[in-house]
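Structure at a glance
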Amino acid sequence: DRDVTGVQTCALPILPFHPNGMLFRAFDKSGDVIASRTYYSIGGGFVIAESADGGSEIVADGTPVPFPFSTGAELLAHTRATGLPISGVVLENEKARRPEAEVRMRLLHIVSVMRGCVERGCATDGVLPGGLKVRRRAHALHQTLADRGESSDPLRAIEWVTLFALAVNEENAAGGRVVTAPTNGAAGVIPAVLHYYRRFVPGSSDDGVVEFLLTAGTIGVLYKENASISGAEVGCQGEVGSACSMAAGALAELLGGTPEQVENAAEIGIEHNLGLTCDPIGGLVQVPCIERNAVA
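The structure contained in this document is the topic of the report that follows.

**Digging into the overall build of the chain**
Scanning the chain from terminus to terminus reveals 11 helices and four strands. For the chain, the spread of C-alpha atoms along the principal axes amounts to about 70 × 50 × 35 Å. The burial tally for the chain puts 40% of its 296 residues in the buried class. Intrachain contacts of the chain at a sequence separation of at least 6 include 58% that bridge at least 24 residues. Seen as two clouds, the 23 positive and the 34 negative side-chain charges of the chain have centres 7 Å apart.

See below:
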């Protein structure tokens, strides 16, 4: 069809399984379809294929683990039975797939990528691409906080956490390298809280960082298994809300919280993001996405 401006348009149906779907067709020289397959990007970097009967095919890891769980209640039951924290239960499951040293190495590599993203975001000035002419703010804020030094302002830590989140999401909006945690649009929350732990919590260590990511990832798995982390599917509550919940629960464990208190912190984190919609201006992860990461 052509609209009133004369521009050719194409009206495509919304595919039934998920809003982010794409139909691939292969044609022979005479124009006949010789193969067809539908794929869905369901968020968090996951892509699934539609099966012949209209269902979906998800490749699952069938490795048996010592503490299987799919709900928070099952996870807490394992912590009570073993006396392990949530990170300890999940580490035992990870060790069924790869050595503990490799788990630790991979998690610390993730942290190094997060750190590099924060550093680039703090060092880069200018305007974000995309046409909205949104100025980067992390660079100027970093200079202000650095010049202020070790002030006695009780909100100093919160200002640094805000800076860390802004830095990451400005990098994401500019097409920089970020860690999907649990999505790119919500990539600033976990690094910001991790940086808070390392900078402001006495006795912080690499061991604590590993425990943080194990616990945060576990909470993210529960959302993915029982709800969704896809903004296209459930709104920003599934992205920034899940990230806020993941970070809150993980930090609670590092501050000495019991598994039940970790679960409660995670619940509080998502509770105040429920109903948050995904309404980015111009389809860009800039407004209101960047600020939402700082708030979370």
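Next comes the rest of the account.
**Examining the packing of helix H5 (residues 156-173) against helix H6 (residues 189-200)**
Where H5 contacts H6, the axes come no closer than 8 Å and their chain directions differ by 140 degrees. One finds that H5 runs oblique with respect to H6. Here H5 runs over H6; the crossing is right-handed. Across the interface between the two elements, Arg156, Ala157, Trp160, Val161, Phe164, Ala165 and Val168 from H5 touch Pro191, Ala192, His195, Tyr196, Arg199 and Phe200 from H6.

**Description of a nonpolar patch on the surface**
Residues Met22, Phe24, Tyr39 and Val47 make up a contiguous nonpolar surface patch of about 400 Å² in total accessible area. One can find Phe24 in strand E1 (residues 21-27).

**Concerning helix H4 (residues 138-148)**
Along H4, the positions that sit buried rather than exposed are Ala138, His139 and Leu145. Down the axis of H4, the smallest arc covering the buried residues is 130 degrees, so these residues share one side. Following H4 by one or two positions, Gly149 has its phi on the positive side, about 70 degrees.

**Describing the side chain of Asn172**
Here Asn172 lies in helix H5. Among the polar contacts listed, one links the side chain of Asn172 to the backbone oxygen of Asn184, at a separation of 3.3 Å. Beyond its immediate chain neighbours, meaning those up to four positions away, Asn172 contacts Val178, Asn184, Gly185 and Val285.

**What to know about the nonpolar core**
Grouped together as the largest cluster of nonpolar side chains are 43 residues, with contacts concentrated most on Met114, Ile190, Leu194, Phe212, Leu213 and Leu214. The set of elements that each furnish at least two residues to this core consists of helix H2 (86-94), helix H3 (100-123), H6, helix H7 (206-226), helix H9 (240-254) and helix H10 (259-271). If you tally residues by element for this core, the top one is H7, at nine residues. When sequence neighbours within four positions are dropped, the list of residues in contact with Leu213 reads Leu107, Ile110, Val111, Met114, Ile190 and Leu194.

**Some remarks on H10**
For H10, spanning 13 residues, the distance from its first C-alpha to its last is 18 Å, which sits close to the expected 18 Å at 1.5 Å a residue. Taken together, the buried positions of H10 are occupied by Pro259, Val262, Ala265, Ala266, Gly269 and Ile270. The arc that holds every buried residue of H10, seen down its axis, measures 130 degrees, which confines them to one face. The inward-facing, buried residues of H10 abut helix H1 (72-82), H2, H7 and H9.

**Some words on the packing of aromatic side chains**
The relative placement of two aromatic rings is captured by the distance of their centres and the angle of their planes. In this structure the tally under the stated criterion is four aromatic pairs. Taken together, a centroid distance of 5.9 Å and an interplanar angle of 40 degrees make the contact between Trp160 and Phe164 tilted. Of this pair, Trp160 and Phe164 are both found in helix H5, four residues apart, which corresponds to roughly one turn of the helix. Judged on exposure class, the residue Trp160 and its partner Phe164 are both buried. In this structure, Arg199 is placed above the aromatic ring of Trp160, and the distance from its NZ or CZ to the ring centre is 3.8 Å.

**Some remarks on the environment of Met246**
Here Met246 is to be found in helix H9. For Met246, a relative accessible area of 6% puts it in the buried group. The sequence separation of Met246 and Gly269 amounts to 23 residues, and the corresponding C-alpha distance is 7.8 Å. Beyond its immediate stretch of four places on either side in the chain, Met246 contacts Pro182, Ile190, Ala216, Gly217, Ile219 and Gly220.

What counts and how
- Residues numbered from 1 in each chain as written.
- Predicted model: local features only at pLDDT ≥ 70, side-chain atom pairs only at ≥ 80, totals over all residues.
- Heavy atoms only, no water.
- Helix = DSSP H or I, 4+ residues; strand = E, 2+ residues; numbered from the N terminus.
- Buried < 20%, exposed > 50% of the residue type's maximum accessible area, 1.4 Å probe, protein only.
- Contact = heavy atoms within 4.5 Å.
- Lys, Arg positive; Asp, Glu negative; His and termini not counted.
- Charge placed at Lys NZ, Arg CZ, Asp CG, Glu CD.
- Axes fitted to C-alpha atoms, helices over the stretch in contact; angles between N-to-C directions.
- Parallel < 35°, antiparallel > 145°, perpendicular 65-115°, else oblique.
- Left-handed = near helix turned anticlockwise from the far one by under 90°.
- Patch = residues over 30% accessible without salt bridge, like charges linked within 9 Å, V, L, I, M, F, W, Y side chains within 5 Å.
- Areas by Shrake-Rupley, 256 points an atom, 1.4 Å probe, with all protein chains shown as cover.
- Salt bridge = Lys/Arg side-chain N within 4 Å of Asp/Glu carboxyl O.
- Arc of directions from axis to C-beta.
- Polar contact = N/O pair within 3.5 Å; in protein donor to acceptor, adjacent residues only side chain to side chain.
- Core = buried A, V, L, I, M, F, W, Y, C linked by side-chain atoms within 4.5 Å.
- Expected span 1.5 Å × (residues − 1).
- Phe/Tyr/Trp six-rings, centres within 6.5 Å; stacked < 30°, edge-to-face > 60°.
- Lys NZ or Arg CZ within 6 Å of the ring centre and 35° of its normal.

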